[in-house]
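Remarks on the overall topology
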Amino acid sequence: MKRILCLLMALILCLGLLAGCAAPGEVLMELDGQKITANMYAFWLSRYKAFFVYSYMNNKENLQMWDTVMGDEGKTVNEIFTGYVLDNARTYAAALALYDEYKLSLSAEDKAKIKTDLEELADAAGGKTVMNGELANYGVNYDMLDEIYTIEAKVAQLQDHLFADGGPGALTDADRDAYYTANYARIKHIFVSTTGKYVYDADGNFTYDETGSPIMADFTDAELKAQREKAAEVVKKLEEGADFEEMMAAYTEDTATSIYPNGYYFTPTSSYVDEIIDAAFEMEVGEWDYVQSDLGYHIIKRLELAPKAYASSMDADFFTDFEENVEMEAFTRILAPYVERIEVNEEVAANYSLKTVMANYQY
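Residues numbered from 1 in each chain as written. Predicted model: local features only at pLDDT ≥ 70, side-chain atom pairs only at ≥ 80, totals over all residues. Heavy atoms only, no water.

**Let's talk about the overall build of the chain**
When helices and strands are counted, the chain shows 12 helices and 11 strands. Its C-alpha atoms put the chain at 70 × 45 × 45 Å along the principal axes. Counting every position in the chain, which comprises 363 residues, the buried fraction comes to 42%. Residue pairs in contact within the chain that sit at least 24 positions apart in sequence constitute 72% of those at least 6 positions apart. In the form shown here, the chain has an accessible surface area of approximately 19300 Å², with 50% of it arising from carbon and sulfur atoms. (Helix = DSSP H or I, 4+ residues; strand = E, 2+ residues; numbered from the N terminus. Buried < 20%, exposed > 50% of the residue type's maximum accessible area, 1.4 Å probe, protein only. Contact = heavy atoms within 4.5 Å. Areas by Shrake-Rupley, 256 points an atom, 1.4 Å probe, with all protein chains shown as cover.)

**Side note on helix 8 (residues 221–239)**
With 19 residues, helix 8 should reach 27 Å at 1.5 Å per residue; the first-to-last C-alpha distance of 27 Å fits that figure. What helix 8 keeps buried is the set Gln227, Ala231, Val234, Val235 and Leu238. Down the axis of helix 8, the sector holding all buried residues measures 95°, keeping them to one side. Facing away from the buried side of helix 8 by more than 90 degrees, the exposed set consists of Asp221, Ala222 and Glu239. Contact partners of the buried residues in helix 8: strand 5 (185–193), helix 9 (244–251), strand 9 (288–292) and strand 10 (296–303). (Expected span 1.5 Å × (residues − 1). Arc of directions from axis to C-beta.)

**Some words on the packing of helix 1 (residues 38–56) against helix 3 (residues 77–101)**
The contact between helix 1 and helix 3 brings their axes to 10 Å, and the two run at 130°. Judged by the angle between their axes, helix 1 and helix 3 are oblique. With respect to the hand of their crossing, helix 1 and helix 3 are arranged in right-handed fashion. Contacts between helix 1 and helix 3 involve Tyr41, Trp44, Leu45, Tyr48 and Phe52 from the first element and Val77, Phe81, Thr82, Val85, Leu86, Ala89 and Tyr92 from the second. Residue classes in the contact of helix 1 with helix 3 are distributed as 11 nonpolar, one polar and no charged. (Axes fitted to C-alpha atoms, helices over the stretch in contact; angles between N-to-C directions. Parallel < 35°, antiparallel > 145°, perpendicular 65-115°, else oblique. Left-handed = near helix turned anticlockwise from the far one by under 90°. Nonpolar A, V, L, I, M, F, W, Y, C, P; charged D, E, K, R; others polar.)

**Looking at the side chain of Arg47**
With respect to the helices and strands, the residue Arg47 is situated in helix 1. A relative accessible area of 15% places Arg47 in the buried class. For Arg47, the side chain forms a polar contact with the side chain of Glu152, separated by 2.7 Å. (Polar contact = N/O pair within 3.5 Å; in protein donor to acceptor, adjacent residues only side chain to side chain.)

**Thoughts on the sheet that holds strand 11 (residues 343–344)**
Sheet architecture is open: three strands sit in the order 2-1-11, paired in antiparallel fashion. With one partner strand each, in any of the chains shown, strand 2 (34–37) and strand 11 form the two edges of the open sheet. (Pairing = 2+ DSSP bridges.)

**A closer look at the pattern of salt bridges**
The full count for this structure, using the stated rule, is 18 salt bridges. Note that Asp177 is salt-bridged to Lys308, the shortest N-O span being 2.8 Å. With Asp177 in helix 7 (residues 173–183) and Lys308 in the loop between strand 10 and helix 11 (322–339), this residue pair connects regions lying 131 residues apart in the sequence. When its relative accessible area of 25% is taken as the criterion, Asp177 is described as partly exposed. Given a relative accessible area of 35%, Lys308 falls into the partly exposed group. Of the charged contacts in the structure, one is a salt bridge between Lys236 and Glu240, with a shortest N-O distance of 2.6 Å. (Salt bridge = Lys/Arg side-chain N within 4 Å of Asp/Glu carboxyl O.)

**What to know about the environment of Thr195**
Structurally, Thr195 can be placed in the loop between strand 5 and strand 6 (197–198). Separated by 24 residues in the primary sequence, Thr195 and Phe219 place their C-alpha atoms 7.3 Å from one another. For Thr195, the contacting residues outside a window of four places in its chain are Asp218, Phe219, Asp294 and Leu295.

**Let's talk about the sheet that holds strand 9**
Note on sheets: strands pair through backbone hydrogen bonds, and any given pair is parallel or antiparallel. With antiparallel pairing, the four strands of this open sheet are ordered in space as 8-5-10-9. Each of the sheet's edge strands pairs with one partner strand only, and the pair in question is strand 8 (264–266) and strand 9. Geometrically, the sheet is characterised by an average inter-axis angle of 35° between neighbouring strands, direction not taken into account. One ladder, built from five bridges, connects strand 9 with strand 10; its direction is antiparallel. If you follow Trp288 over to strand 10, its bridge partner there is Lys301. Against the sheet, helix 9 touches strand 5, strand 9 and strand 10, its axis set at about 40° to strand 5. Here helix 10 (residues 274–282) sits on the sheet in contact with strand 5, strand 8, strand 9 and strand 10, set at roughly 30° to strand 10.

**Remarks on the confidence of the model for the chain**
Averaged over the chain, the pLDDT score is 91; the fraction of residues at 70 or greater is 93%. Low confidence marks residues 1–22, where pLDDT is under 50. Its contacts with residues over four positions away, or in another chain, come to 87 contacts. (pLDDT = per-residue confidence, 0-100.)

**Examining the environment of Tyr264**
Topologically, Tyr264 is positioned in strand 8. Considered as a pair, Tyr264 and Ile187 are 77 residues apart in the sequence and their alpha carbons are 5.3 Å apart. Not counting residues within four places of it along the chain, the set of residues in contact with Tyr264 comprises Ala185, Arg186, Ile187, His189, Asp254, Ala256, Thr257, Tyr272 and Phe318. A distance of 2.5 Å separates polar atoms of two side chains, one belonging to Tyr264 and the other to Asp254.

**Comments concerning the packing of aromatic side chains**
Two aromatic rings are characterised by how far apart their centres lie and by the angle between their planes. Within this structure, the stated rule accounts for 33 aromatic pairs. Between the aromatic rings of Tyr179 and Phe322, the centroid separation amounts to 5.8 Å while the plane-to-plane angle is 75°, which identifies the pairing as edge-to-face. With a gap of 143 residues between them, Tyr179 in helix 7 and Phe322 in helix 11 connect regions that are remote in the sequence. Judged by its relative accessible area of 10%, Tyr179 falls in the buried class. For Phe322, a relative accessible area of 3% gives the class buried. Between the aromatic rings of Tyr180 and Phe319, the centroid separation amounts to 6.0 Å while the plane-to-plane angle is 65°, which identifies the pairing as edge-to-face. Taken together, the residues span a long stretch of sequence, with Tyr180 in helix 7 and Phe319 in the loop between strand 10 and helix 11 at a distance of 139 residues. Comparing Tyr180 with Phe319 shows no difference in burial state: the two are buried. An aromatic cluster is present here, built from Tyr179, Tyr180, Tyr184, Tyr260, Tyr264, Tyr265, Phe266, Tyr272, Tyr310, Phe318, Phe319 and Phe322 joined pairwise through their rings. Looking at Lys128, its charged tip hangs above the ring of Tyr142, at a distance of 4.2 Å from the centre. (Phe/Tyr/Trp six-rings, centres within 6.5 Å; stacked < 30°, edge-to-face > 60°. Lys NZ or Arg CZ within 6 Å of the ring centre and 35° of its normal.)

Have a look at this one:
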């Protein structure tokens, strides 16, 4: 759960009894004539709840998790992530105001696509009447969904306008370098397994099961003892001044070392062993540390970031979302002055939360 706190979320939902807790079109927030209604907020909550339940509750809602306290501020999971969705709604309001400033408009093709998408959804549901019955669970109806899809299309168009080559917000290498420096750590890794050993064939090659995964065998008690001693030996030699690269070449069982000779690049939210990522960002460049996970022992060293590794084909696996993330940070920065001027009806906002809404997996 600790890793979840760092994630920047985008979408979420509200309860099926929504018609009883908000009048249609009740305004949640407004900026320069651009209004986000309570119904829109409910719908976005519903989307995000589906994502959250699927991603962090194994697709089965855990009601107790919503009341779990996270972080140092004493807030619950429900409060924290409901807040993320409210912030996302603010982003939409700010983006719509800027959209109007640039005098942008959706093309006939964009409008036609929205119309077609809605018609296909209605057909799949068994007609508009049936679809409206389903949408009522999420606080909206067909026409409101049309408005929501239009808002989302406008925000996407605004981003395209801003960040296109030659656009007013086009990213520069300075933007990329600043994001890279602020968000990434590079490490090298000596791994000693406690979960099992690879099974090799007579020629010393990996063997694989029918799914294509390497075949593993459990350690015996004696082998497990030897693994612990091996990790302790590495730590002792490093403490005595041994070279980390030499120790890695001699001891690591990390089979990806040859694939990534420059090391691993992580952000605080990277999907990897939590203990490694936490240690990587707690260390200074040049320091090494020793942690243990369910997989085994990890001796890691934080290295200086290589210049523009995000542009290196050799390190590309660590930067698959890099450009998108840099753009999103820039978008957030551009919208910040608009977000600060948004007026939110806190009484209306208080009626909605992730805990109380129905998850929307379909729309």
